[in-house]
Amino acid sequence: MRGVELESPAKINWFLHIGSKRDDGYHELETVFQQIDLHDIIEIREAPSMSIVCSHPGVPADRENLAWRAWELMAERYGLPSVRITIHKNIPAAAGLAGGSSNAAAVLRGLTRMFEPEVDDADLAEIALTLGSDVPFFLHEGAAYGRGRGERLDPVDPPRDVPLLLLFPPEPVSTARAFSLLADMREPGKAAAFIGRDAAIALLRGPVSEMVGRTRNDLEPAAAEIAPSVARARAAAERLAGVTAVRMSGSGSTVWVAFDDREARSRAAKVLKREWTITEANIVRPA
Ligand code: C5P
């Protein structure tokens with residue numbers, strides 16, 4: 001029986017600008033996605049029937065799981081056999097880290113490697129977008145400037161080594177709810193400004209504090225309304241020494257904190273872990 005094992009990394013957004021709502025219900029956006037070294041492990045084995053195994057209670061083991069739908073789309077199109085997908089979960093759900101999207105992309109990559117169907121990059125990207133706006137990014141490595149729903153991707157150089165801490169507020173945020181609340185909070189007809197790819201690339205070369213000062217996460221006010229602990233997490237991080245930037249990732253509720261150096265991060269971790277669930281994270285660069 002054939003099988004593969006893959007890493008399925010989380011992402012953060014360095015910034016997230018949300019433009020106007022389109023006729024299809026999605027919002028135009030501008031972001032830089034960044035993979036980090038927090039990852040799930042996905043095992044795929046050929047099996048007599050389709051199943052998902054995951055020890056984590058919050059992860060659905062049926063068609064509700066994007067990983068299952070990733071297999072289904074590939075199986076329908078390319079006549080692939082059933083598999084057992086085992087997900088070793090480390091990335092929290094509904095946290096703005098795109099764990100489910102990353103798992104789905106890992107299944108697309110894994111099935112392609114195992115069964116070598118006649119699929120090119122454009123087909124895979126199209127299937128990925130059917131699964132979700134964040135899925136196409138995980139067909140690549142490192143960092144990418146994203147437009148459209150998040151599928152028009154340009155690989156970019158990540159910033160230099162930035163020590164990060166992730167703070168996980170106890171309340172999850174549903175992406176659909178954050179977008180819909182943002183639409184309610186906005187003045188009609190008023191969409192946020194985009195900075196453009198060249199400006200984003202220039203900002204990634206400079207200090208993270210400057211990038212954060214010149215960009216926004218437009219979903220943060222809506223997410224903080226849904227999950228008040230997002231604002232508390234931000235305030236707790238901002239009080240600490242050696243912190244260069246604090247921002248919510250994606251639609252939340254995870255807040256990332258960037259530090260001057262690893263020592264400052266270690267000191268901050270000792271303080272934060274008394275009250276918050278945290279983890280250290282580092283940027284993934286393309287191999
Ligand atoms: O694409 P995905 O299924 O991850 O999106 C979840 C929800 O987030 C969508 O149903 C939509 O409400 C919202 N969304 C949006 N604009 C985007 C991405 C997501 O409005 N560009």
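Residues numbered from 1 in each chain as written. Predicted model: local features only at pLDDT ≥ 70, side-chain atom pairs only at ≥ 80, totals over all residues. Heavy atoms only, no water.

**Digging into the site of the ligand**
- Around the ligand, the structure places G25, Y26, H27, L29, G132, S133, R149, T175, A176 and F179.
- Taking S133, its side chain carries an N or O atom lying 2.5 Å from an oxygen atom of the ligand.
- Between an oxygen atom of the ligand and a side-chain N or O atom of R149, the distance comes to 3.5 Å.
- Considered on its own, the ligand offers 450 Å² of accessible surface; in the complex 73% of this is hidden by protein.
- The cavity where the ligand resides is the largest pocket.
- At the level of secondary structure, the elements contributing two or more residues to the shell around the ligand comprise β2 (27–46) and α4 (175–185).
- The leading source of residues in the shell around the ligand is α4, at three residues.
- A per-class count over the shell around the ligand returns four nonpolar, five polar and one charged. (Near = heavy atom within 4 Å. Polar contact = N/O pair within 3.5 Å; in protein donor to acceptor, adjacent residues only side chain to side chain. Areas by Shrake-Rupley, 256 points an atom, 1.4 Å probe, with all protein chains shown as cover. 1 Å grid on protein atoms, 1.4 Å probe; cavity = no way out; pocket = protein on both sides within 12 Å on 5 of 7 lines; lining within 4 Å. Sits in = over half its atoms within 2 Å of the grid points. Helix = DSSP H or I, 4+ residues; strand = E, 2+ residues; numbered from the N terminus. Nonpolar A, V, L, I, M, F, W, Y, C, P; charged D, E, K, R; others polar.)

**Describing the packing of helix α2 (residues 99–115) against helix α3 (residues 121–131)**
- For the pair α2 and α3, the least separation of the axes is 10 Å and the interaxial angle reads 150 degrees. In terms of orientation, α2 and α3 fall into the roughly antiparallel class. When you trace α2 past α3, the crossing you get is right-handed. Judged by residue contacts, A104, L108 and T112 of α2 engage L124, I127, A128 and L131 from α3.
- Partitioned by chemical class, the residues of the contact of α2 with α3 number six nonpolar, one polar and no charged. (Axes fitted to C-alpha atoms, helices over the stretch in contact; angles between N-to-C directions. Parallel < 35°, antiparallel > 145°, perpendicular 65-115°, else oblique. Left-handed = near helix turned anticlockwise from the far one by under 90°. Contact = heavy atoms within 4.5 Å.)

**Details of the side chain of S101**
- Tracing the chain through its elements places S101 in helix α2.
- Note on S101: relative accessible area 13%, which makes it buried.
- In contact with S101, not counting residues within four places along its chain, are L66, D134, V135 and F138. (Buried < 20%, exposed > 50% of the residue type's maximum accessible area, 1.4 Å probe, protein only.)

**Regarding α2**
- For α2, spanning 17 residues, the distance from its first C-alpha to its last is 24 Å, which sits close to the expected 24 Å at 1.5 Å a residue.
- Within α2, 13 of the 17 residues are buried, which leaves it mostly tucked inside the rest of the structure. (Expected span 1.5 Å × (residues − 1).)

**What about the pattern of salt bridges?**
- Scanning the entire structure with this criterion turns up 16 salt bridges.
- Measuring nitrogen to oxygen at the nearest pair gives 2.8 Å for the salt bridge that ties E72 to R63.
- Overall, R63 belongs to the partly exposed group, its relative accessible area being 45%.
- Within the structure, one salt-bridge network assembled from shared partners comprises R22, D24 and E28. (Salt bridge = Lys/Arg side-chain N within 4 Å of Asp/Glu carboxyl O.)

**A look at the layout of surface pockets**
- Quantified by volume, the largest pocket comes out at close to 1200 Å³.
- In terms of lining, the largest pocket is formed by 40 residues, of which the most central are L66, A98, S101, D134 and T175.
- Within the residue set of the lining of the largest pocket, elements represented by two or more residues are β1 (3–21), β2, α1 (66–78), α2 and α4.
- No other element matches α2, which puts four residues into the lining of the largest pocket.
- Of the residues contributing to the lining of the largest pocket, the split by class is 18 nonpolar, 16 polar and six charged. (Points joined across faces, edges and corners; volume = space filled by probe spheres on them.)

**Quick notes on the sheet that holds strand β9 (residues 255–259)**
- Reading across from one edge, β8-β9-β7-β10 is the order of the four strands in this open sheet, with antiparallel pairing throughout. Pairing within the sheet leaves two strands with one partner each, and these edge strands are β8 (243–248) and β10 (277–281). Strand-to-strand twist across the sheet, computed as the mean angle between neighbouring axes with direction ignored, equals 20 degrees.
- Of the strand pairs in this sheet, strand β7 (residues 164–168) and β9 are connected by four bridges, and their pairing is antiparallel. Following the sheet pairing, L167 is matched in β9 by V255.
- Taken strand by strand, helix α8 (residues 229–238) contacts β7, β8 and β9, and its axis lies near 175 degrees from that of β8.
- In the packing of helix α9 (residues 262–272) onto the sheet, contacts are made with β7, β9 and β10, and the angle to β7 comes to roughly 15 degrees. (Pairing = 2+ DSSP bridges.)

**Re the side chain of D218**
- Along the chain, D218 falls in the loop between α6 (208–214) and α7 (220–226).
- On the basis of relative accessibility, which here comes to 10%, the residue D218 falls in the buried class.
- Leaving out residues up to four positions away in the same chain, D218 has contacts with L16, H17, I18, L182, R186 and A192.

**Notes on the packing of aromatic side chains**
- All chains considered together, the criterion is met by three aromatic pairs.
- Between F33 and F137 the ring centres are 4.8 Å apart and the planes differ by 20 degrees, which places this aromatic pair in the stacked class. Of this pair, F33 sits in strand β2 while F137 sits in the loop between α3 and β5 (143–147), and the two are 104 residues apart along the sequence.
- Since its relative accessible area comes to 0%, F137 is described here as buried.
- Here the basic side chain of R149 rests over the ring of Y26, its NZ or CZ set 3.7 Å away from the ring centre. (Phe/Tyr/Trp six-rings, centres within 6.5 Å; stacked < 30°, edge-to-face > 60°. Lys NZ or Arg CZ within 6 Å of the ring centre and 35° of its normal.)

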